[in-house]
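Architecture at a glance
Spelled out from the first residue to the last, the chains are:
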Amino acid sequence: MAEAAPLPLPPGSAVGILGGGQLGRMLAIAAARLGLEAHIYDPDPAPPAAAVATRHVQGAYDDAAALARFAAGVQVATFEFESVPAATAAAVAAHTALRPNARAFAIAQDRALEKAFLEETGLAPAPWVAIEAEAEIAPALARLGGAAILKTRRLGYDGKGQARIAGAEEAGTAWAAIGAVPAVLERVVPFTAELSVIAARGVDGAVAAYDPGRNEHADGILRRTTIPAGLPASVLQDAVLAAGRILRALDYVGVIGVEFFFAPGASGGPLFVNEIAPRVHNTGHWTIEACAVDQFEQHIRAVAGWPLGDGARHADAVMTNLIGDEAAAWAELAAEPGAALHLYGKAEIRPGRKMGHVTHVTPRRAG
Ligand code: AMP
């Protein structure tokens, strides 16, 4: 293990970002604003983040030599995606500081570990049962009572690797649909709103959270985040407190996204934690326009050992993802008053692909 660089990392230091998608791109832009270099590691020859970074090391996530070369050139490394193989994280951590830590990734990558962790931390995931074989689904369904969702333990995101089950007769189809792999069965939570908290913890243990946003999904993909969320203040406060508990329990450094269901009247509710994302998060993009220090800068500050910045919200915002060919309307969107347009520089438009987002900002009202 190389000696960790003294903190805070001064301007001119290099922050390594594994993953060169839009999150890596916005992290690199934030790093540049603070006078830090961003080095991107990505297997793609021209990932979106490389266009705005100091350096791009191209290599596979199991290429130990390329990872070592990348890690040796940076004073801290971080990730923009959570499906980081444990061996990749270990290869990087052998040569430089890794923030957040490998345990946070291990927990967030496995829905069963994640739910067990949440329960140990005193928080409520959706009621669930771990599933190892098809035969376990029917009894688990009976135990949960009512409709449920079968989700792969690992490598599921944006609604992928999931199958809804209304009754025991659908167990076989659902098991086949997720690829007959270890899974969790979750009760369908009768939520009236989905919300998320983007929060951060510094190397010194300081915690800061952005105002919770309200999220709408379509086909399992985030469509829109609205801030303020328009939910009771006590609910928002509980969500922020839950995010803080998660950060402390993981001894976490960096930005985290915590997704919740709000289900008033549900037993064990009203707040259920759906998912932890150990990284900057799509539902935090609104912070770029509506806060002095946005989630990307906050993450860079945290991992570089800087003090956390002021994330107070000075505007109301609605962030809408531009998915697939919606980004073709860029010229009209660019002409809209109050609209901040972000395009990720992805050459190929594919259905379901996040091509950019647009944030509409208005002066802050109460709430
Ligand atoms: P996930 O990939 O687990 O975040 O799920 C994607 C979306 O599916 C969520 O944002 C919800 O809209 C919906 N969903 C997932 N799990 C549940 C659940 N237990 N109850 C109700 N809706 C769910």
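Residues numbered from 1 in each chain as written. Predicted model: local features only at pLDDT ≥ 70, side-chain atom pairs only at ≥ 80, totals over all residues. Heavy atoms only, no water.

**Brief notes about the pattern of salt bridges**
Opposite charge on two side chains permits them to pair, given that their charged atoms come into close proximity. Applied cut-off: One speaks of a salt bridge when a side-chain nitrogen belonging to Lys or Arg is within 4 Å of a carboxyl oxygen belonging to Asp or Glu. A run of H or I in DSSP becomes a helix once it reaches four residues, and a run of E becomes a strand once it reaches two; helices and strands are each numbered from the N terminus. For the exposure calls, accessible area comes from a 1.4 Å probe over protein chains only, and a residue counts as buried if that area is under 20% of its type's maximum, exposed if over 50%, partly exposed in between.
For the coordinates displayed, the defined rule picks out 17 salt bridges. Between Arg364 and Asp211 there is a salt bridge, with the nearest N and O atoms lying 4.0 Å from each other. One end of the pair, Arg364, is in the segment after β18 (354–363); the other, Asp211, is in the loop between β11 (207–209) and β12 (213–218), and 153 residues separate them in sequence. Taking relative accessible area as the criterion, Asp211 reaches 30% and is therefore assigned partly exposed. Of the charged contacts, one joins Asp316 and Arg313 as a salt bridge, the two residues approaching to 2.5 Å between their closest N and O atoms. Arg313 carries the same exposure label as Asp316, and that label is buried. Bridged by salt links that share partners, the residues Asp211, Arg313, Asp316, Arg364 and Arg365 form one connected network.

**Regarding the packing of helix α1 (residues 22–33) against helix α10 (residues 295–303)**
Here is the rule: Only the stretch in contact is used when fitting a helix axis, every axis being a line fitted to C-alpha atoms; angles between N-to-C directions are given from 0 to 180 degrees. Put simply, angles under 35 degrees are roughly parallel, angles over 145 are roughly antiparallel, angles from 65 to 115 are roughly perpendicular, and the rest are oblique. By the definition used in this description, the sense in which the near helix is turned from the far one sets the handedness, with an anticlockwise turn below a right angle giving left-handed and a clockwise turn giving right-handed. For this analysis, residues touch if any pair of their heavy atoms sits within 4.5 Å.
Interhelical geometry of α1 versus α10 gives an angle of 65° and a closest axis separation of 8 Å. Classified by the angle between their axes, α1 and α10 sit roughly perpendicular to one another. In this structure, the crossing between α1 and α10 has a hand that is right-handed. Residue-level inspection shows Leu23, Met26, Leu27, Ala30, Ala31 and Arg33 of α1 in contact with α10, the latter providing Phe296, Glu297, His299 and Ile300.

**Comments concerning helix α5 (residues 111–120)**
To be explicit about the condition: Two N or O atoms count as a polar contact when they lie within 3.5 Å, although within protein this holds only if one can serve as hydrogen donor and the other as acceptor, and sequence-adjacent residues are included solely when both atoms are side-chain atoms.
For α5, the set of buried residues is Arg111, Ala112, Glu114, Lys115, Phe117 and Leu118. Measuring from the backbone nitrogen of Ala112 back to the side-chain oxygen at the start of α5 gives 2.9 Å, which picks out Asp110 as the cap. Note on α5: the residue one or two positions beyond its end, Gly122, has a positive phi of about 85°.

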